[in-house]
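Overview (structure and organization)
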Amino acid sequence: MTTQNNDSAAPPAAVIKVIAVVVVVLPLVIILFPLLAYLADETTVDPTDAFQQLTGWTLPPNASIVKKEYTHGGMQNDGDFKLVIRMSPQQLQGLVENDSSRWIDCPIDSAIDESAWDLPEHSGTRYYAKKTFDSDPDWHRGHIVIVNPETGFVWIYEWKS
């Protein structure tokens, strides 16, 4: 009786099925995961919380949200966040006057303007900006608050690139 050597035998069917699933599913996960993460993040951003976090102020109850855009996503969560708020000029003037941030007259510093790649259109007269981390050597991530106390508009922009 002769014995056959199984060294050259084909891989088991289970291994082939696993490889086929990985080849089909992995590209779908790579494509769909960032899209699903973006959609999930878009719906979870609370403008009231974002306003408080980025300005240190409580959003007045009669303030209105004019615009909210959120594009952070992907593996490194790059993107930006824009929030435009309108409140009474008196409320905004009071917030700015009692704020300890270093307010600067517009126009916005060129180093910030070049790094904050999609600043919102605004008619602001003063601003303050903050890097995400004080140790950041440049403005590749941060946020800016632009105000016009005469009109009651606040433009907030946060970016990470």
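Residues numbered from 1 in each chain as written. Predicted model: local features only at pLDDT ≥ 70, side-chain atom pairs only at ≥ 80, totals over all residues. Heavy atoms only, no water.

So, the overall build of the chain
- In terms of helices and strands, the chain carries 4 helices and 6 strands.
- Secondary structure elements in the chain, listed N-terminal to C-terminal, are α-α-β-β-α-β-α-β-β-β.
- Here the chain holds 161 residues, and the buried ones make up 30% of them. (Helix = DSSP H or I, 4+ residues; strand = E, 2+ residues; numbered from the N terminus. Buried < 20%, exposed > 50% of the residue type's maximum accessible area, 1.4 Å probe, protein only.)

Side note on unusual backbone geometry
- In this chain, Cys106 is followed by Pro107 through a cis amide linkage whose omega measures 20°.
- Inspection of the secondary structure assignment puts Pro107 in the loop between strand S3 (104–105) and helix H4 (110–115).

Observations regarding the side chain of Asp99
- Here Asp99 is to be found in the loop between helix H3 (89–97) and S3.
- The side chain of Asp99 is buried and forms no salt bridge, while Arg126, the nearest opposite charge, is found at 9.2 Å.
- Within the structure, the side chain of Asp99 is placed 2.6 Å from the backbone nitrogen of Ser101, a separation counted as a polar contact.
- Residues contacting Asp99, with those up to four places away along its chain left out, are Thr55 and Trp57. (Lys, Arg positive; Asp, Glu negative; His and termini not counted. Salt bridge = Lys/Arg side-chain N within 4 Å of Asp/Glu carboxyl O. Polar contact = N/O pair within 3.5 Å; in protein donor to acceptor, adjacent residues only side chain to side chain. Contact = heavy atoms within 4.5 Å.)

As for the sheet that holds S3
- One open sheet holds the 6 strands; their spatial order is S1-S2-S6-S5-S4-S3, and the pairing between them is antiparallel. The strands lining the two open edges of the sheet, one partner per strand, are strand S1 (64–70) and S3.
- Bridge count for S3 against strand S4 (residues 126–131) is 2 bridges, and the pairing is antiparallel. Its bridge partner being in S4, Ile104 is matched across the sheet by Tyr127.
- The strands touched by H3 within the sheet are S4, strand S5 (141–148) and strand S6 (153–160), with S5 carrying the most contacts at an inclination of about 130°. (Pairing = 2+ DSSP bridges. Axes fitted to C-alpha atoms, helices over the stretch in contact; angles between N-to-C directions.)

A closer look at a nonpolar patch on the surface
- Together, Val15, Ile19, Val21, Val23, Val24 and Val25 make up a nonpolar patch on the protein surface, roughly 510 Å² of accessible area in all.
- Tracing the backbone shows Ile19 in helix H1 (residues 13–44). (Patch = residues over 30% accessible without salt bridge, like charges linked within 9 Å, V, L, I, M, F, W, Y side chains within 5 Å. Areas by Shrake-Rupley, 256 points an atom, 1.4 Å probe, with all protein chains shown as cover.)

Observations regarding the nonpolar core
- Residues Phe51, Ile85, Val147 and Val154 are the most contacted members of the largest nonpolar core, which totals 20 residues.
- Of all the elements in the fold, those that place two or more residues in this core are helix H2 (47–55), strand S2 (79–86), H3, S5 and S6.
- The contact partners of Ile85, leaving out residues within four places of it in the chain, are Phe51, Leu59, Ala63, Ser64, Ile65, Val66, Gly152, Phe153 and Val154.
- Formed by 12 residues, the second largest nonpolar core is a distinct cluster that contains Trp139, Trp155, Tyr157 and Trp159. (Core = buried A, V, L, I, M, F, W, Y, C linked by side-chain atoms within 4.5 Å.)

Things to note about the environment of Glu114
- Among the secondary structure elements, Glu114 is positioned in helix H4.
- C-alpha separation for the pair Glu114 and His140, spaced 26 residues apart in sequence, amounts to 9.3 Å.

Some remarks on the pattern of salt bridges
- Enumeration over the complete set of coordinates arrives at 4 salt bridges.
- The partner of Glu69 in a salt bridge is Lys67, with the nearest N and O atoms 3.3 Å apart.
- The exposure class assigned to Lys67 is partly exposed, which follows from its relative accessible area of 35%.
- In this structure, the salt-bridge partner of Asp118 is Lys82, at a minimum N-O distance of 2.8 Å. Placement of the pair is Asp118 in the loop between H4 and S4 and Lys82 in strand S2, with a sequence separation of 36 residues.
- Overall, Lys82 belongs to the buried group, its relative accessible area being 7%.

Focus: the environment of Glu158
- Structurally, Glu158 can be placed in strand S6.
- Look at Glu158 and you get partly exposed, because its relative accessible area is 25%.
- C-alpha of Glu158 to C-alpha of Thr132: the two residues are 26 residues apart in sequence and 9.1 Å apart in space.

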